[in-house]
Amino acid sequence: MAAQSRRGGKSSSPGTSKAKFWGIAVGAVAALTTTAMIVTLATGDDSAPTHVASPQATPEPKPGKARGQVTSGVPVGYPRTEAGAKAAAANYTVISGSSAFLTSKDARHRAVSVMSAGSRTSTATKEADHEARRARAELKGDKSKLAPRHVIARTGILSAHTLGADIHKATVRLWTTTVRGSATGHATPKAAFRSVTVSLVWERNDWKMSGSSSSSGLVAPVDTRQATNVTSDFADYVPARASDPVLSGAETKGGLPGAYERTERGAHAAATSAVMLRGDPRFFSNAEWRNKILTATTASSALDTAKADADSMTQLVVENRSLGDDGKTADGGLLVTRTAVLGSRAVAYSEQTASMELWTASVGGVAGKNESERPQIGFIRMTVDLIWADGTWKTTAVTPSEPLVPSPPAAEEAAPASSFADVGGVSDAPSLA
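Residues numbered from 1 in each chain as written. Predicted model: local features only at pLDDT ≥ 70, side-chain atom pairs only at ≥ 80, totals over all residues. Heavy atoms only, no water.

What about the pattern of salt bridges?
Close approach of charged atoms allows side chains of opposite charge to pair.
Then comes step 1: Applying the stated criterion to the full structure yields 18 salt bridges.
Then comes step 2: A salt bridge links R154 to D244, with the shortest nitrogen-to-oxygen separation between them at 2.9 Å. Linking R154 in strand β4 (residues 151-165) with D244 in the loop between β8 (228-229) and α6 (264-278), this pair joins segments that are 90 residues apart in sequence.
Then comes step 3: Taking the relative accessible area as the measure of exposure, R154 reaches 4% and is therefore buried.
Then comes step 4: Residues joined by salt bridges that share partners form a network here, namely E131, R134, E138 and R180. (Salt bridge = Lys/Arg side-chain N within 4 Å of Asp/Glu carboxyl O. Helix = DSSP H or I, 4+ residues; strand = E, 2+ residues; numbered from the N terminus. Buried < 20%, exposed > 50% of the residue type's maximum accessible area, 1.4 Å probe, protein only.)

Description of the side chain of K394
Then comes step 1: Note on placement: K394 falls in strand β12 (residues 392-403).
Then comes step 2: Side-chain polar atoms of K394 contact the side chain of D390, separated by 3.4 Å.
Then comes step 3: Not counting residues within four places of it along the chain, the set of residues in contact with K394 comprises T295, A296, T297, T298, A299, D385, L386, I387 and A389. (Polar contact = N/O pair within 3.5 Å; in protein donor to acceptor, adjacent residues only side chain to side chain. Contact = heavy atoms within 4.5 Å.)

Regarding the packing of aromatic side chains
Then comes step 1: Scanning the model with the defined rule gives nine aromatic pairs in all.
Then comes step 2: Taking 5.3 Å as the distance between ring centres and 55° as the angle between the ring planes, the aromatic pair formed by Y237 and W359 counts as tilted. Of this pair, Y237 sits in the loop between β8 and α6 while W359 sits in strand β10 (residues 353-367), placing them 122 residues apart in sequence. Here the two residues Y237 and W359 agree in accessibility, since each one is buried. (Phe/Tyr/Trp six-rings, centres within 6.5 Å; stacked < 30°, edge-to-face > 60°.)

What to know about empty space enclosed by the protein
Then comes step 1: A full pass over the atoms with the stated rule returns two cavities of 30 Å³ or more.
Then comes step 2: The space that makes up the largest cavity amounts to roughly 70 Å³.
Then comes step 3: Along the walls of the largest cavity sit V94, T155, G156, I157, P245, L247, M276, T339, A340 and V341, which together make up its complete lining.
Then comes step 4: For the lining of the largest cavity, the secondary-structure elements that each account for two or more residues are β4 and β9 (334-349). (1 Å grid on protein atoms, 1.4 Å probe; cavity = no way out; pocket = protein on both sides within 12 Å on 5 of 7 lines; lining within 4 Å. Points joined across faces, edges and corners; volume = space filled by probe spheres on them.)

Some thoughts on the sheet that holds strand β11 (residues 376-389)
Then comes step 1: Ordered by their spatial adjacency, four strands build an open sheet running β9-β10-β11-β12, and the pairing between neighbours is antiparallel. The open sheet has two edge strands with one neighbour each: β9 and β12. The mean inter-strand angle of the sheet, taken between neighbouring strand axes irrespective of direction, is 30°.
Then comes step 2: Here 12 bridges tie β10 to β11, and the two strands are oriented antiparallel to one another. Bridge assignment links G364 to a residue of β11, and that residue is Q376. (Pairing = 2+ DSSP bridges. Axes fitted to C-alpha atoms, helices over the stretch in contact; angles between N-to-C directions.)

Quick look at the pairing of β12
Each regular strand shows side chains that alternate between the opposite faces of the sheet.
Then comes step 1: The pairing of β11 with β12 spans nine bridges and is antiparallel. Bridge pairing links M382 to P400 in β12.
Then comes step 2: What sits between the antiparallel neighbours β11 and β12 is a turn of two residues, in which D390 has the positive phi angle 55°.

Notes on helix α4 (residues 105-115)
Then comes step 1: Among the residues of α4, A107, R108, A111, V112, V114 and M115 are the ones counted as buried. Looking straight down α4, one finds that the buried residues subtend no more than 160° of arc, so they occupy a single side. Turned more than 90 degrees from where α4 packs its buried face, K105 and D106 sit exposed.
Then comes step 2: Elements that come into contact with the buried residues of α4 comprise β2 (69-71), β3 (74-76), α2 (82-96), α3 (99-103), α5 (121-140) and β7 (206-216). (Arc of directions from axis to C-beta.)

Considering the sheet that holds strand β5 (residues 169-182)
Then comes step 1: Reading across the sheet, the four strands line up as β4-β5-β6-β7 and stay open at both edges, with antiparallel pairing between neighbours. Whereas interior strands pair on both sides, the edge strands pair on one side only; in this sheet they are β4 and β7. In this sheet, adjacent strand axes meet at a mean angle of 25° when their direction is disregarded.
Then comes step 2: The sheet contact formed by β4 and β5 spans 13 bridges and is antiparallel. Residue pairing across strands places I152 opposite G181, the latter belonging to β5.

Let's talk about the packing of α4 against α5
Then comes step 1: Two elements in contact, α4 and α5, have axes separated by 9 Å at closest approach and are oriented at 140°. The chirality of how α4 crosses α5 is right-handed. Residues R108, H109, V112 and S113 of α4 form the contact with α5, whose own contacting residues are T121, A124, T125, A128, D129 and A132.
Then comes step 2: For the contact of α4 with α5, the residue count by class is four nonpolar, four polar and two charged. (Left-handed = near helix turned anticlockwise from the far one by under 90°. Nonpolar A, V, L, I, M, F, W, Y, C, P; charged D, E, K, R; others polar.)

Some details on the confidence of the model for the protein
Then comes step 1: Confidence along the protein averages 85 in pLDDT terms, with 84% of residues attaining 70 or more.
Then comes step 2: Low pLDDT, under 50, characterises residues 1-61; the predicted model gives this stretch 188 contacts beyond four residues in sequence or across chains. (pLDDT = per-residue confidence, 0-100.)

Topic: unusual backbone geometry
Excluding glycine, most residues fall at negative phi; most peptide bonds, likewise, are trans.
Then comes step 1: If you check the backbone angles, S72 has positive phi at about 50° while not being a glycine.
Then comes step 2: Mapping S72 onto the fold places it in the loop between β2 and β3.
Then comes step 3: On the basis of relative accessibility, which here comes to 41%, the residue S72 falls in the partly exposed class.
Then comes step 4: Even without being glycine, N205 reaches a positive phi, approximately 60°.
Then comes step 5: Assignment of secondary structure puts N205 in the loop between β6 (190-203) and β7.
Then comes step 6: N205 sits in the exposed class, given a relative accessible area of 63%.

Notes on the pairing of β6
Then comes step 1: Two elements, β5 and β6, share 12 bridges in a ladder whose sense is antiparallel. The residue of β6 that forms the bridge with R180 is K190.
Then comes step 2: Where β6 and β7 come together, 10 bridges link them in antiparallel fashion. In the strand pairing of β7, T197 is matched with S213.
Then comes step 3: Remark: two residues form the turn of the hairpin made by β6 and β7, two consecutive strands paired antiparallel; R204 in that turn has positive phi of roughly 55°.

See the structure below:
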């Protein structure tokens, strides 16, 4: 795979040796746990937020039960729960940044009518049209005309923090990374970070968007070991070849993903959740949680190997970072990790087995006073192999492959390491697919 080297040398600050070790540990995550690299996003307080009243619970999903429906390209049918509200906020944000939404007026207006609360539809339509006009320059790359079939417009949800929720309304703040550009020409698609606040109301027996605002988000530097890809490398993630991730908010009472439907869509969702769970900070700091997650999502034939590999990798990170059970380092820094899915494409699919390639954005590092350990972001392609077992899709392997790296944000400085402690805690995890 061709790649363009980025400018700039490695730091020679006193913290370089620690940063070098951290890079080795991050590499171990890819090699041993198959979760990709941990590049950072922030972990806040691991305790549940006390100011949020969770909406009423709904029954656990049963094996084979569909996770909602799709209307005019929009996932609908969310549970009336906090997780359901988070999923709706995430999906509506992903759709609002998708190629179809930004390049097709008809598709955009249909989607807005489905996503928006009734009283908000007219205003939301005007705002969406304005954003689409603004985005055209980004999506063209360096070509003279916009070519919708070559557009790269992907959004990954790195963090979802509930600002408030009850059974009638919810407000969710998202930390996202976007990649926009074209798979033709010479200008590589560019990454950006946004902070998006979505307000929702329970209307027409579903979560609907009553408002949305966005601003610049925390900027995580691109991992220094990753070189920017050339434009043509992004061709597998144009609209016709890959799907946006769809989060459902469907989970068991224990916080595990509910059973997935026996369809290609269900396999995509299972692969997405498997990658997201392996990027959760608890995967590294809480052995009981890690084993519970692996047991629930891994095929029995692969479980012993998955657990052994995960234990070896996490022991390396814990010992060398001196991590406590609370995810803090010896000097008080917070281990912060998260993996977002930018797109998913089927490599192979049958009713019994599936192989999905995911394009992911993984954040990981330490939020603290040491800037050399600042969270970084890496863009990795990962292949998730699955089988149908016990009434759901379960993984047999999660294997990182070649990076797919956009251009870094232009003229934006990385946020201070300490600022990442405000996002990415356990309560900030996005809903599962």
